[in-house]
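A look at the structure
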Amino acid sequence: MSFEAKLTAVLVATLLAMALALGALLQLGFGLWLALQLSLLAALLLGLVLGRMVTRRLNRGLDALTTGLLNFKDNDFSVSLTHQGRDEMARLATLYNDAALKLRAERAHIYQRELMLDTVLQSSPTALVLTSQDQRVLYANPAARQLLLEGKGINGLALATLLAQLPEAIKEAMAAPQDGLFTLPTSDEPQIWHLSRSQFQLNGQQHQLYLFKQLTRELSRAEVGTWKKVIRVISHELNNSLAPIASMAHSGQKLVANPDPALLTQVFDTISERADHLNRFLQGYVRFARLPQPQCQAIDWHELLERLQGVVAFRVREVLPTSAGWGDAAQLSQVLVNLLKNAAEAGSEPKDTELAIKAQPGWHCLEVTDRGSGMSEQVLTQALLPFYSTKKEGTGLGLALCREIIEAHGGRLHLENRANGGLRVRLWLPLPQP
């Protein structure tokens, strides 16, 4: 029975008791007014007794619910409420128990995740340091404590106090505004580390996370792999040139006894062609290894494109920006010539090879598009690596040199295939800071 039904029953019982009492008193000879007063008093007493009996269970239920909610406030979700019947208190108790069960499950899940995360952080070779908004160390895993203070605890230290105790290389890396590499001298060999940082909001406060990752082994393996690839490429080119030269030299020796002008001319032409090819090949490596720092100055886009159109055929798409560019005009011309020639070698017609220059806030974006054969996904992922080439006579330095020049300008280079065939190359060049 619901609480409202119980109150209704109490009211009906009180009114019935009042009527019965009034009738009995009148039969006993009491006056109407006195009988009415006595019957009303008796009815009120009965109503209070019945009402207390009805509300006692409600009060007990409310007290239990209050205690349970106070336990919630203290993060104690272990208390459950007993309930009987089908009234409102029973439904409230059921809802409370369901909520407590769900909160217990959520807390257990969060605890397991925190335990797993702590295990990962404690065993991670990456050194992690978390600092608070007031520049204090909130957390440092064992790798960070070993790297920074030879295993000593640093939690709670002010960041300035910590920095004062660190090696100069780490101190400069943490004080720098951007991510980067730094080298730590050791007794065996220098160790190369990469420091990255990120900021995030936690409980309304700004926190900063420092991540130190050792790259010595990775860079050493990459360096060895690069040298192996260089040696293979150079050996291949040398063999392709020296073998014909040796063969022609042997043929020339035989012709000394019986000279044949036509055959001698062919021998010398072949030797000259292979020697010239080998010279161009080696000069390409020399240019890549000795690429000078760009001498940046204002660039007139109209003048730059006029010079390019005298070297390779292409179309200019869209109106050129009115603002001047910024960079080394000679190096950027070399980049654009390489890209436009690549488009022609990929089978793109001059009318389908286009160059666009767009002004963006803080940048100029140069875009070279063509309708050539494009690149496979595998080639796209490796096209910018030095010494990687799919061309029979390629050195694998063209696109790598382009990226090297653009990144030396502080910019970025990106390759992607076009929807209906062909390639799109985007170059972003930063404008000088005012």
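Quick caveat, the model's predicted, so the values are computed rather than measured.

**Brief notes about the sheet that holds strand β10 (residues 363-369)**
In spatial order, the strands read β7-β9-β10-β12-β11; together these 5 strands make up an open sheet with mixed pairing. Two strands close off the open sheet at either side, each with one partner strand: β7 (315-316) and β11 (412-417). Sheet topology places β11 next to strand β12 (residues 423-430); 6 bridges connect them, and they run antiparallel. Counterpart to Leu415 in the pairing with β12 is Val425. Docked against the sheet, helix α9 (residues 301-309) engages β7, β9 (354-360) and β10, running at close to 165° with respect to β9. Packed onto the sheet, helix α12 (residues 398-408) meets β11 and β12 and runs at close to 140° relative to β11.

**Comments concerning the packing of aromatic side chains**
The full count for this structure, using the stated rule, is 1 aromatic pair. Directly above the aromatic system of Trp363 lies the positively charged group of Arg412, at a separation of 5.8 Å from the ring centroid. The positively charged end of Arg412 is found above the aromatic ring belonging to Trp428, 4.4 Å away from the centroid.

**A look at the sheet that holds strand β4 (residues 191-202)**
Hydrogen bonds along the backbone pair up the strands of a sheet, which may run parallel or antiparallel. As summarised here, the arrangement of the 5 strands in space is β2-β1-β5-β4-β3, forming an open sheet in which the pairing is antiparallel. One side of each edge strand has no neighbouring strand; the edge strands of this open sheet are β2 (137-140) and β3 (180-184). This sheet shows a mean twist of 25° between the axes of neighbouring strands, independent of strand direction. Two elements, β3 and β4, share 5 bridges in a ladder whose sense is antiparallel. Bridge pairing in β4 places Phe182 opposite Trp193. Strands in contact with helix α4 (residues 142-149) are β1 (127-131), β2, β3, β4 and β5 (205-214); relative to β1, the strand with the most contacts, it is inclined by about 90°. Running at roughly 170° to β3, helix α6 (residues 168-175) makes contact with β3, β4 and β5 of the sheet.

**A short note on the environment of Gln135**
Mapped onto the secondary structure, Gln135 falls in the loop between β1 and β2. Gln135 sits in the partly exposed class, given a relative accessible area of 41%. With sequence-adjacent residues up to four places away left out, Gln135 is seen in contact with Leu157, Ala158 and Leu159.

**A closer look at helix α10 (residues 329-345)**
Between its terminal C-alpha atoms α10 stretches 24 Å, which fits the 24 Å expected from 17 residues at 1.5 Å a residue. The complete set of buried residues in α10 reads Ala329, Gln331, Leu332, Ser333, Val335, Leu336, Val337, Leu339, Leu340 and Ala343. The opening residue of α10, the one whose side-chain oxygen lies 3.1 Å from the backbone nitrogen of Ala330, is Asp328. Immediately beyond the C-terminal end of α10, within one or two residues, lies Gly347, with a positive phi of roughly 95°.

**Looking at the side chain of Thr131**
Turning to its location among the elements, Thr131 is positioned in strand β1. Contacts of Thr131, omitting those with residues within four sequence positions, involve Arg136, Val137, Leu138, Leu159, His207, Gln208 and Tyr210.

**Description of the packing of α10 against α12**
Direction vectors running N to C along α10 and α12 enclose 145°, while the axes themselves pass 10 Å from each other. Relative to α12, α10 is oriented so that their crossing is left-handed. Across the interface between the two elements, Gln331, Leu332, Gln334, Val335, Asn338, Leu339 and Asn342 of α10 pack against Gly398, Leu399, Leu401, Cys402, Ile405 and Ile406 of α12. A per-class count over the contact of α10 with α12 returns 8 nonpolar, 5 polar and no charged.

**Structural notes on the packing of α9 against α10**
When two helices pack together, their arrangement is given by the angle between their axes and by how far apart the axes lie. The N-to-C vectors of α9 and α10 enclose an angle of 45°; their axes lie 11 Å apart at closest approach. Relative to α10, α9 is oriented oblique. With respect to the hand of their crossing, α9 and α10 are arranged in right-handed fashion. Contact residues: Leu304, Arg307 and Leu308 in α9; Ala329, Ser333, Leu336 and Val337 in α10.

Parameters at a glance
- Residues numbered from 1 in each chain as written.
- Predicted model: local features only at pLDDT ≥ 70, side-chain atom pairs only at ≥ 80, totals over all residues.
- Heavy atoms only, no water.
- Pairing = 2+ DSSP bridges.
- Helix = DSSP H or I, 4+ residues; strand = E, 2+ residues; numbered from the N terminus.
- Contact = heavy atoms within 4.5 Å.
- Axes fitted to C-alpha atoms, helices over the stretch in contact; angles between N-to-C directions.
- Phe/Tyr/Trp six-rings, centres within 6.5 Å; stacked < 30°, edge-to-face > 60°.
- Lys NZ or Arg CZ within 6 Å of the ring centre and 35° of its normal.
- Buried < 20%, exposed > 50% of the residue type's maximum accessible area, 1.4 Å probe, protein only.
- Expected span 1.5 Å × (residues − 1).
- Polar contact = N/O pair within 3.5 Å; in protein donor to acceptor, adjacent residues only side chain to side chain.
- Left-handed = near helix turned anticlockwise from the far one by under 90°.
- Nonpolar A, V, L, I, M, F, W, Y, C, P; charged D, E, K, R; others polar.
- Parallel < 35°, antiparallel > 145°, perpendicular 65-115°, else oblique.

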